[in-house]
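# Survey of secondary and tertiary structure
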Amino acid sequence: MGGQIPFVRETMTNEKRNPNAIDLLLIYPPWPAAKGRARLISTLPPLGVLSIASNVEHHGYSVEVCDAHAYQLDDNDIRTLLRKHKPRVVGLSVLTSQALAAHSIARICKQELPNCTVIAGGVHAEALPVRMLRNSAIDAVVRGDGEDAMVEILANTHFNDITGLSHRTEDGVVHNPARPVNMNLDEYPMPAYHLVDFDMYYPGATTYRQLPAINLMMTRGCPGKCTFCNSAKTTLRTRSPESMVAQIKHLYDEYGIRQFQFYDDTFTVLKKTCLEFCERLTAENLNVSWIGFIRGDCFSDKIAAAMKKAGCHQVLVGVETGNPDIANRIGKPIDHKKYKKAVEIAHRHGIEVRASFVIGSLGETWDTMNDSLKMALNMDFDFVQLFISTPYPGTAMYKEAAERGWLTHESWDAYGQARVLVNQPQIDSETIYRFEKHFNRKFYMRRKFAKRMLKRSTNPRQFRDYALAVPYLLMGMRSDPTGSKWDCWEGLNEDDFLDVALAEPTIDTLTHTIRDTGLPNNT
Ligand code: B12
Ligand code: SF4
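Residues numbered from 1 in each chain as written. Chains lettered and ligands numbered in written order. Predicted model: local features only at pLDDT ≥ 70, side-chain atom pairs only at ≥ 80, totals over all residues. Heavy atoms only, no water.

### Observations concerning helix H1 (residues 47-58)
With twelve residues, H1 extends 16 Å from end C-alpha to end C-alpha; this agrees with the ideal 16 Å at 1.5 Å per step. Where burial is concerned, most of H1 is hidden: eleven out of the twelve residues are buried. Buried residues in H1 make contact with strand E1 (24-28), strand E2 (63-67), strand E3 (89-93), helix H6 (147-154), strand E8 (213-216) and strand E9 (219-222). (Helix = DSSP H or I, 4+ residues; strand = E, 2+ residues; numbered from the N terminus. Expected span 1.5 Å × (residues − 1). Buried < 20%, exposed > 50% of the residue type's maximum accessible area, 1.4 Å probe, protein only. Contact = heavy atoms within 4.5 Å.)

### As for the site of ligand 1
Taken together, 38 residues sit near ligand 1, with Leu44, Ser93, Ser97, Glu147 and Gln417 positioned nearest. Leu44 places a polar main-chain atom, nitrogen or oxygen, 2.7 Å from a nitrogen atom of ligand 1. A distance of 2.9 Å separates an oxygen atom of ligand 1 from a polar atom in the backbone of Gly146. Going through the elements one at a time, H1, E3, strand E4 (117-121) and H6 are the ones with two or more residues in the shell around ligand 1. Looking at the shell around ligand 1, its residues break down into 19 nonpolar, 14 polar and five charged. No fewer than three residues from each of domain 1 (2-175) and domain 2 (203-389 + 420-474) sit in the shell around ligand 1. (Near = heavy atom within 4 Å. Polar contact = N/O pair within 3.5 Å; in protein donor to acceptor, adjacent residues only side chain to side chain. Nonpolar A, V, L, I, M, F, W, Y, C, P; charged D, E, K, R; others polar. Domains from an automatic or database assignment.)

### Some details on the pattern of salt bridges
In the structure shown here, the tally under the stated rule is 24 salt bridges. Lys249 is the salt-bridge partner of Asp253, the closest N and O atoms lying 3.7 Å from each other. Taken together, the positions of Asp253 and Lys249, both in helix H7 (residues 241-255) and four residues apart, correspond to about one turn of that helix. With a relative accessible area of 48%, Asp253 lands in the partly exposed category. The salt bridge involving Asp371 is made with Lys374; its shortest N-O contact spans 3.6 Å. Of this pair, Asp371 and Lys374 both sit in helix H12 (residues 366-378), three residues apart, roughly one helical turn. Through salt bridges with shared partners, a single network forms among Asp145, Glu147, Arg220 and Arg237. (Salt bridge = Lys/Arg side-chain N within 4 Å of Asp/Glu carboxyl O.)

### Some details on the environment of Thr157
One can find Thr157 in the loop between H6 and strand E6 (165-169). Among all residues touching Thr157, those that are not within four sequence positions of it are Glu152 and Ile162. A polar contact of 2.8 Å, which involves the side chain of Thr157, links it to the backbone oxygen of Glu152.

### Digging into the environment of Phe159
Structurally, Phe159 is set in the loop between H6 and E6. As for Phe159 and Asn176, which are separated by 17 residues in sequence, their C-alpha atoms are 8.6 Å apart. The contact partners of Phe159, leaving out residues within four places of it in the chain, are Thr117, Ile119, Asp139, Ala140, Leu165, His167 and Asn176.

### So, the nonpolar core
Core analysis: the largest hydrophobic core is formed by 97 residues, its most contacted members being Met150, Phe277, Trp290, Phe299, Met307 and Phe357. Formed jointly, this core draws a minimum of three residues from each of two domains, domain 1 (2-175) and domain 2 (203-389 + 420-474). Ignoring sequence-local partners within four residues, the contact set of Phe277 consists of Met218, Pro241, Met244, Val245, Ile248, Phe262, Phe267 and Trp290. Formed by 55 residues, the second largest nonpolar core is a distinct cluster that contains Ile78, Ala99, Ala101 and Tyr392. (Core = buried A, V, L, I, M, F, W, Y, C linked by side-chain atoms within 4.5 Å.)

Structure (structure tokens):
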């Protein structure tokens, strides 16, 4: 696929390749926490995994991708894949809600292929490398970007010589110095979309105009400082607009993709890049629609006009709270007026606004949550999504909750932003769950909202998805009662996997601190 467009490197032929065994199997573990909610949120290919895959392919290594989440694979399916591909290295991509499944899959790898090397990466592994490495089935953790680190691992570079790697030695875990952040994302080839089956993926019900849809990222990192977010203070860098448009054209021509979901933390933060991207995409005159994330303070008439012209039909804005004190406390002190203006601008240009709120932040009370509801009702947002604030390892919120002794438990399966996991003195979990239901009913059971939803729906699939969403949104339903192949990943206990005695960290270091200094001290 590579030769046709710029910035997509040619895959090299690998004469050393063993036809019966591959070099690398990348596994995206399931998220049991999302079971039953999966129809509400998108199921899209894991871009980090696909980016690592395309980079190692470019360097001549053979690679397969196993998205155990989207394909709903169980432990036996993973064993079958391991026996089929016999990878010499397995890479596990780990978000917090995937951590227990990742631990379990690592064990399965070593049972099936005792000589394979198991590497973990992703934000959870990066935040808690020592904890991951207490599972003897995990050989090393990659902190930060995995593309080049994985090439070095496949080239059998000694672990001591790979920057950004944490690994076990006789003296405990060694954290190699951080890998310098790659500021030029064009150096990474386009994600290896060809390694997954697009039919397994779908966007969230309210997020698309056309199908098929796929996710993309032009930038990585965020200069924001939000206390609940793993992207806080991560280094901002971008692909060139030229390469982004080339990717879109490729996906449009080769795969018939018509809808693009940009998952950049803040798509509009680099204004010039964003404007240039829009101009280039407009010039291609493709029949595409797309969405992207903005911040209330990173939007303007000029940008909205350019985005609309290029096919953008919806922006997602993380409002989080309607209470100024909570906004300060969570590190996103953006004035209401800015959000109001952003909504007005978007609507003036015919762009929908999806706003995201969190409840149960540190310091929250019924009254502060009610300010969020009032804001949601008054601001003319087209859609609202509400989550429960979750103390993800590596965030300032986790650190504070841990230090105050407020974490209720660290059963990672529950870390899907649908459970109250912090026990604060001023509010109990029942109140937060009660408010969640109250909020959703007040927001969604409005005639104005129903009319808008009907008007915007373009296909029967959307009606089906809305109907499936009702029990979750309005009746507080939380998990799928029918059971699924994911059951084998539920009820796992991290302690059962932590068989190597290494000093546990007393205080967890922030993910961004790890990224900034390269030395994660005692995590
Ligand atoms: C797209 C996205 C989604 C998509 C998922 C599509 C998909 N399959 O990826 C959707 C919309 C479905 C989604 C859902 C949710 N998401 Co989300 N999502 C993102 C987002 C915005 C981009 C992910 C991405 O593509 N990143 C780009 C790639 C290049 O980065 P990467 O994945 O980190 O991979 C790089 C490195 O980490 C490393 N790496 C990763 N894996 C591996 C493996 C190996 C072996 C190696 C060596 C290296 C390595 O190398 C990669 C390439 O450089 C991130 C934020 C972010 N900026 O990353 C949040 C993020 C992942 N989501 C998050 C959350 C909380 C959620 C939800 C719970 C939200 C909700 N309430 O519903 C759900 C459920 C997720 C879950 N597992 O439970 C959090 C996760 C926090 C955590 N500690 O787990 C994040 C980090 C947001 C944040 N900033 O806090 N999400
Ligand atoms: S919530 Fe948004 S603005 Fe805040 S740090 Fe995360 S990605 Fe950046």
